[in-house]
Amino acid sequence: MTTVRVQTAPQRKRRSIASWTSDQLDLIVTPVLALVLLILLVTVWTYSTFDPTTERILEPAQLARQMWEQTILAFFSTVLVVLIAVPVGILVTRGGAPRVKNSMVSVLGLGQAIPAYGLIVLFFVWLGQGGLTVIFALATFALLPVLRNTIVGLEQVDKSVIEAGRGMGMTGFQSLTKIELPLAVPIIIAGIRTATVINVGMASLAFLIGGGGLGETINAGLKLNRPTAIFIGAVLVALLALIFDFLGGLAQRYLRPKGL
Amino acid sequence: MTQPLIQLQDVTKSYPGVDVPAVKSLNLDVEPGEILVLVGPSGCGKSTTLRLINRMIEPTSGRIIYEGADVTKGDPNALRRRIGYVIQQVGLFPHRTIAENIATVPKLLGWPKAKIRDRVDELLELVSMDPALYRDRYPNELSGGQAQRVGVARALGGDPDVLLMDEPFGAIDPITRDRLQNEFLRLQGELKKTIVFVTHDIDEAVKMGDRIAILRDQSEIAQLDRPENILTEPADEFVENFLGSGAILKTLTLRRVRDIDLDPMVTLKQPVHRGEALTAMNDANTTTAVLLDERDHPLRWIDERALNSTRSSLETSGRPITVQLQPEDTLQDALSSMLQSSAGMSVVVDGRGRYLGCCTIESLAGLLLPHAPGVPSS
Ligand SMILES: Nc1ncnc2c1ncn2[C@@H]1O[C@H](COP(=O)(O)OP(=O)(O)O)[C@@H](O)[C@H]1O
Ligand SMILES: [Mg+2]
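In this complex, chain A contributes 27 residues to the contact, which on the side of chain B involves 34 residues. At the surface where chain A touches chain B, the tally comes to one salt bridge. At the junction of chain A and chain B, the tally comes to six residue pairs in polar contact (both at pLDDT 80 or more). Every element with two or more residues in the side of chain A that touches chain B is listed here: helix 7 (159-167) and helix 8 (172-202) of chain A. When its residues are assigned to classes, the side of chain A that touches chain B shows twelve nonpolar, ten polar and five charged.

Below you can see the structure in the form of structure tokens.
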């Protein structure tokens, strides 16, 4: 019948690891993991002797180019995901079409069930070779987490907060931009972070259709049976993924509205 | 009587997909400056009725007149900025400071910054919260009671003439609720807003309402009257049942201590000798007297046993007076303080704490019993 809200003073200083929040924790775990990988990489690089083939595969300038390509592919496919999924998520939550929303989420779920290389090949058949095709394919593959989180983020906003806003004469647009979106930001960013990490990993398949990236190195290592090359290529992908994940964690932490 | 500020004329609201309308052909006038309480069982359409007034929902048919003009057309957002709206869950914006929350409507109305800042502080003070302390806090740092205070302040932001309140104190613990109700009534005494107040709690309705509309299903008005009239003359069985068995006790919350004749009692003013006291009490043929200090502040109950026990001085015998009433207190307060008091009655003091008289069960009964059914009014 009546509820008494118990108020506890917000605790700012946390001392024991056990009381750290998960996002404080992952801002530490990710760099530590990255550091471990980096040390591993440097060790392997320094102490193994490369035969000429391996040396050709692991040519530093070439690795740098592939990393850059991988980064660009991941970055722009993520941007594309955000540009599509967030507005669509907003549109379908504007009421009126709950069925559209549900069917869209399941269709995109199917999209994610298709293996990523299948998607890339499909897009290749449609759009031809090149990085742009890869970006479209990756964006399709990573659409779901952002769309889902946008929808969930907007729908978890306390209905009474929206009711109060509308009741004071905020327009639907003001309610969206000043209340609903800011309150959904943490969840939307979490989705974007997931999408980024998916895209960094999946960009390793770009080489299939001439899109470049570290997949070239891994593939060459596989074809020519050079485990060191495979290892170094894979570690570099993992490092990139960790860096993107860390940046996502930072965004999650610092773009969260105050007071939440 | 003046022109009603809000008129609902033959208003019906049917939700899509629901056979029976939530509100059916409702006619209701809200007078300027009154608190009109809508009370009724859960699901009878109170919230729907309230939300029709600020067009949070649109009527299926009928007219809603506000200050003489039909407001069922035109911009609903502009209308809502002129009408304060308070809901049970408060709905403070968690990512905005208290000040920003309160500034919502002024900002929407495009007030200049300095005016908004002054308004925020003024409103915080109005709801008894220190602006310096709370202005820059976030809602998650507030208790339930404080949050609802801010909710009320925010609803008053644009200085609306009308306030719609949907079970504003419903989710708050009883003690805080009581305090908020009292504060709100004091506030309303200054502000004189026109208020439509929804509750399912008849006690709250009786306490808050200038008039009460008791609603049954589909927002049908079972009775609309001043609370004392409803309590003493319920229109039908539905109202009687809704009032519950304690209707006569509820009238106690409507009357004040100043409305009853106080028993003067025998008073003993210090310094007083035991002998004088004995004579005074014997002359008046009473067993209990009130000991006052030099400034007429009541100190102790003196009874025969206290007089007879000569071991201690008069000032330390008898029982101390711990609860006092003031003329503004309700008779319900009086009753509960009498039940607590060791003497079975309560002293009444004025604002400075000086003795006015005593409130006894008999004086209470004298006021109530003439109204009670089945008791001859002698
Ligand atoms: N959005 C809605 N859609 C359908 N039915 C509703 C909706 N809101 C309320 N109702 C129904 O209308 C009736 C009145 O509801 P409401 O006005 O909330 O009652 P109260 O506030 O008195 O508890 C109830 O039967 C409720 O189920
Ligand atoms: Mg309700």
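To continue, consider the site of ligand 1. Residue and element names in this part refer to chain B. In the vicinity of ligand 1, the residues found are Tyr15, Val18, Ala22, Ser42, Gly43, Cys44, Gly45, Lys46, Ser47 and Thr48. Within the backbone of Cys44, one N or O atom sits 3.3 Å away from an oxygen atom of ligand 1. The backbone of Gly45 places a nitrogen or oxygen atom 3.0 Å from an oxygen atom of ligand 1. Taken by itself ligand 1 offers 560 Å² of open surface, and the protein chains cover 56% of this. Among the residues making up the shell around ligand 1, the classes are represented as four nonpolar, five polar and one charged.

A word on the domain arrangement of chain B. Segmenting chain B into domains produces domain 1 (6-251) and domain 2 (258-369). Using C-alpha coordinates to define each centre, domain 1 of chain B is positioned 42 Å away from domain 2 of chain B.

Right, let's talk about the pattern of salt bridges for a bit. All names here are of chain B. Throughout the structure, instances matching the rule amount to 23 salt bridges over all chains. Across the pair Glu58 and Arg55 runs a salt bridge, and its minimum N-O distance is 3.1 Å. On the basis of relative accessible area, Arg55 is assigned to the buried category, the value being 7%. Arg119 is paired through a salt bridge with Asp159; the nearest N and O atoms lie 3.8 Å apart. Of this pair, Arg119 sits in helix 5 (residues 113-126) while Asp159 sits in the loop between helix 7 (144-155) and strand 7 (162-166), placing them 40 residues apart in sequence. On the basis of relative accessibility, which here comes to 11%, the residue Arg119 falls in the buried class. Residue Asp159 is classed as partly exposed on the basis of its relative accessible area of 45%. When salt bridges with common partners are traced through the structure, they connect Arg119, Glu122, Asp159 and Lys193 into a single cluster.

Before going further, it helps to spend a moment on the nonpolar core. Phe184(B) and Ile214(B) are the most contacted members of the largest nonpolar core, which totals 47 residues. A per-element tally of this core places helix 7 of chain B first, with five residues. Not counting residues within four places of it along the chain, the set of residues in contact with Ile214(B) comprises Val39(B), Ile202(B), Glu220(B), Ile221(B), Ala222(B), Gln223(B), Ile230(B), Phe238(B), Val239(B), Phe242(B) and Leu243(B). By size, the runner-up hydrophobic cluster in this structure holds 32 residues, among which are Leu108(A), Phe123(A), Val134(A) and Ala203(A).

In this section: the environment of Thr360(B). Residues and elements named next belong to chain B. Relative to the assigned elements, Thr360 resides in strand 17 (residues 355-360). Owing to a relative accessible area of 8%, Thr360 belongs among the buried residues under this scheme. Measuring from C-alpha to C-alpha, the distance between Thr360 and Glu237 comes to 33 Å, with 123 residues separating the pair along the chain.

Once that is clear, we can look at the sheet that holds strand 3 (residues 35-39) of chain B. All names here are of chain B. The mixed open sheet is built from six strands, whose spatial order is 6-7-8-3-9-10. Every other strand in the sheet has two partners, leaving strand 6 (83-87) and strand 10 (220-225) as the edge strands with one partner each. Between one strand axis and the next, the sheet turns by 15 degrees as a mean value, whatever way the strands run. Here strand 3 pairs with strand 9 (residues 211-216) via four bridges, running parallel. The residue bridging Val37 from the neighbouring strand is Ile212, located in strand 9. Relative to the sheet, helix 7 contacts strand 6 and strand 7, its axis offset from that of strand 6 by approximately 165 degrees. Its contacts with the sheet place helix 8 (residues 174-191) against strand 3, strand 7 and strand 8 (194-199), and it is angled at close to 140 degrees to strand 3.

Rules used in this analysis
- Residues numbered from 1 in each chain as written.
- Chains lettered and ligands numbered in written order.
- Predicted model: local features only at pLDDT ≥ 70, side-chain atom pairs only at ≥ 80, totals over all residues.
- Heavy atoms only, no water.
- Contact = heavy atoms within 4.5 Å.
- Salt bridge = Lys/Arg side-chain N within 4 Å of Asp/Glu carboxyl O.
- Polar contact = N/O pair within 3.5 Å; in protein donor to acceptor, adjacent residues only side chain to side chain.
- Helix = DSSP H or I, 4+ residues; strand = E, 2+ residues; numbered from the N terminus.
- Nonpolar A, V, L, I, M, F, W, Y, C, P; charged D, E, K, R; others polar.
- Near = heavy atom within 4 Å.
- Areas by Shrake-Rupley, 256 points an atom, 1.4 Å probe, with all protein chains shown as cover.
- Domains from an automatic or database assignment.
- Buried < 20%, exposed > 50% of the residue type's maximum accessible area, 1.4 Å probe, protein only.
- Core = buried A, V, L, I, M, F, W, Y, C linked by side-chain atoms within 4.5 Å.
- Pairing = 2+ DSSP bridges.
- Axes fitted to C-alpha atoms, helices over the stretch in contact; angles between N-to-C directions.

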